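# Examining the three-dimensional arrangement
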Amino acid sequence: VASALAGLCFIGGGEVAEVMKTMKVLESIFAASAAKKNSVAPTFSPETCHLHTACLNGWSLLSTVLNPSQIYEMVDRCLVMFEGIFQSTDVELRISAGEAMVLLLETAYDYDEDFEPDNFEELVSTLKQLATDSSKSKSKKDRKEQRSSFRDVLRGVEEGEPPSETIKFGKEVLKLDSWARKCQYDWFCKMMGAGVNYHLSVNEMIREIFELGAPLLIDKNNLNKPSKSERNAANQYAFKLRTQARNKNRDKRAVV
């Protein structure tokens, strides 16, 4: 529901006031996972953590349509909240908080070249710990996933380095060369799964969002024949979804 609400607001192109109102509602939910200063993060069930992650991801998506000045005004307040979420026991929520942080800072750095977050050295130190975490209390998979994500976040926060990914679909490519564009692409991937490449090729609205221009002419005979690389990507994504579903079911059984 949270993802759908954010998506409708993003795609619908509503007034900025409506976007801000929706972001406020989403923030009121995921902010509960943030530890207060000098305190321990609250503990929630896996289902609640999943809800908080969805709300945070939706909030991040909507932030990509705000004016730079609006981001600049809210960035310091939000960084404190995200640092509090770093203490969450849920790895997906921690990663989402890190990506939301670097997403806001990317805009703040562009808006004001001299901008530096409050307690910058302390923040960088925290990110370095998350990028090298070897705690045995976390699973090997969670540690690997967290380290990989926070290495990118650290470079973005400390050096202002954007992501550099290239998505191939058909005869075209989409370059994810900013955190805002990566956030938008990741959301569409979650919503559309393996079908995202098809929509990148023919969906005029999505092509406009990613500045891909008018759709290329498509051979109808090959319309339903994805390339080998596209089939492999679809299979890998389907496997990832099945794995996540199994893990969630295990979490639910553990809670029971």
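Below: a short report on this structure. (Residues numbered from 1 in each chain as written. Predicted model: local features only at pLDDT ≥ 70, side-chain atom pairs only at ≥ 80, totals over all residues. Heavy atoms only, no water.)

### Focus on the side chain of aspartate 90
Filter applied, for reference: Only DSSP runs of H or I with at least four residues qualify as helices, and only runs of E with at least two residues qualify as strands; both kinds are numbered from the N terminus onward. Throughout this description, buried means an accessible area under 20% of the type-specific maximum (1.4 Å probe, protein chains only), exposed means over 50%, and partly exposed covers the range between. Just so you know, the count uses Lys and Arg for positive and Asp and Glu for negative, and it drops His and the chain ends. Salt bridge, as applied in this entry: a Lys or Arg side-chain nitrogen positioned within 4 Å of an Asp or Glu carboxyl oxygen. For this analysis, residues touch if any pair of their heavy atoms sits within 4.5 Å.
Following the sequence through the fold, aspartate 90 ends up in the loop between helix H4 (68-85) and helix H5 (91-111). In this structure, aspartate 90 is buried with no salt-bridge partner, the nearest side chain bearing the opposite charge being arginine 94 at 6.7 Å. Those residues in contact with aspartate 90 that lie beyond four places of it in its chain are Cys49 and Thr53.

### Observations concerning the packing of helix H3 (residues 46-63) against H4
Here is the rule we go by: Between N-to-C directions, angles cover 0 to 180 degrees, with each direction set by a line fitted to C-alpha atoms, over the stretch in contact for helices. Note on terminology: angles under 35 degrees are roughly parallel, angles over 145 are roughly antiparallel, angles of 65 to 115 are roughly perpendicular, and the others are oblique. Definitions for this section: a left-handed crossing has its near helix turned counterclockwise from the far helix by less than a right angle. A right-handed crossing has that turn clockwise. For this scheme, ten residues count as nonpolar: Ala, Val, Leu, Ile, Met, Phe, Trp, Tyr, Cys and Pro. Four count as charged, namely Asp, Glu, Lys and Arg, and the remainder, Gly too, count as polar.
Where H3 contacts H4, the axes come no closer than 14 Å and their chain directions differ by 160 degrees. It follows that H3 is roughly antiparallel to H4 by the angle criterion. Crossing of H3 over H4 shows left-handed handedness. Contacts between H3 and H4 pair Leu56, Trp59 and Ser63 from the former with Ile71, Met74, Cys78, Phe82 and Ile85 from the latter. Partitioning the contact of H3 with H4 into residue classes produces 7 nonpolar, 1 polar and no charged.

### Considering helix H6 (residues 120-131)
Defined as follows: Expected span of a helix, by definition, is 1.5 Å for each gap between consecutive residues, and there is one gap fewer than residues. Each direction from the helix axis to a C-beta atom contributes to the arc, which is the arc of those directions.
The end-to-end C-alpha distance of H6 is 16 Å, a good match for the 16 Å that 12 residues give at a rise of 1.5 Å each. For H6, the complete set of buried residues consists of Phe120, Leu123, Val124, Leu127, Leu130 and Ala131. What you see down the axis of H6 is that its buried residues fit within an arc of 120 degrees, all on one side. For H6, exposure combined with an orientation more than 90 degrees from the buried face picks out Glu121, Glu122 and Gln129. Buried positions along H6 lie against H4, H5 and helix H7 (140-159).

### Quick notes on the pattern of salt bridges
Across all of its chains, the model carries 8 salt bridges by this definition. A salt bridge links glutamate 27 to arginine 77; the nearest nitrogen and oxygen atoms lie 2.6 Å apart. Taken together, the positions of glutamate 27 in helix H2 (residues 16-30) and arginine 77 in helix H4 put the pair 50 residues apart, joining distant regions of the chain. On the accessibility criterion, glutamate 27 (14% relative accessible area) is buried. A salt bridge links aspartate 152 to arginine 155; the shortest N-O distance between them is 2.3 Å. With aspartate 152 and arginine 155 both in helix H7 and 3 residues apart, the pair spans about one turn of that helix. Look at the salt bridges and you will find they share partners, linking Glu99, Lys182 and Asp186 into a network.

Functional significance is not addressed by these values, which are geometric in nature.
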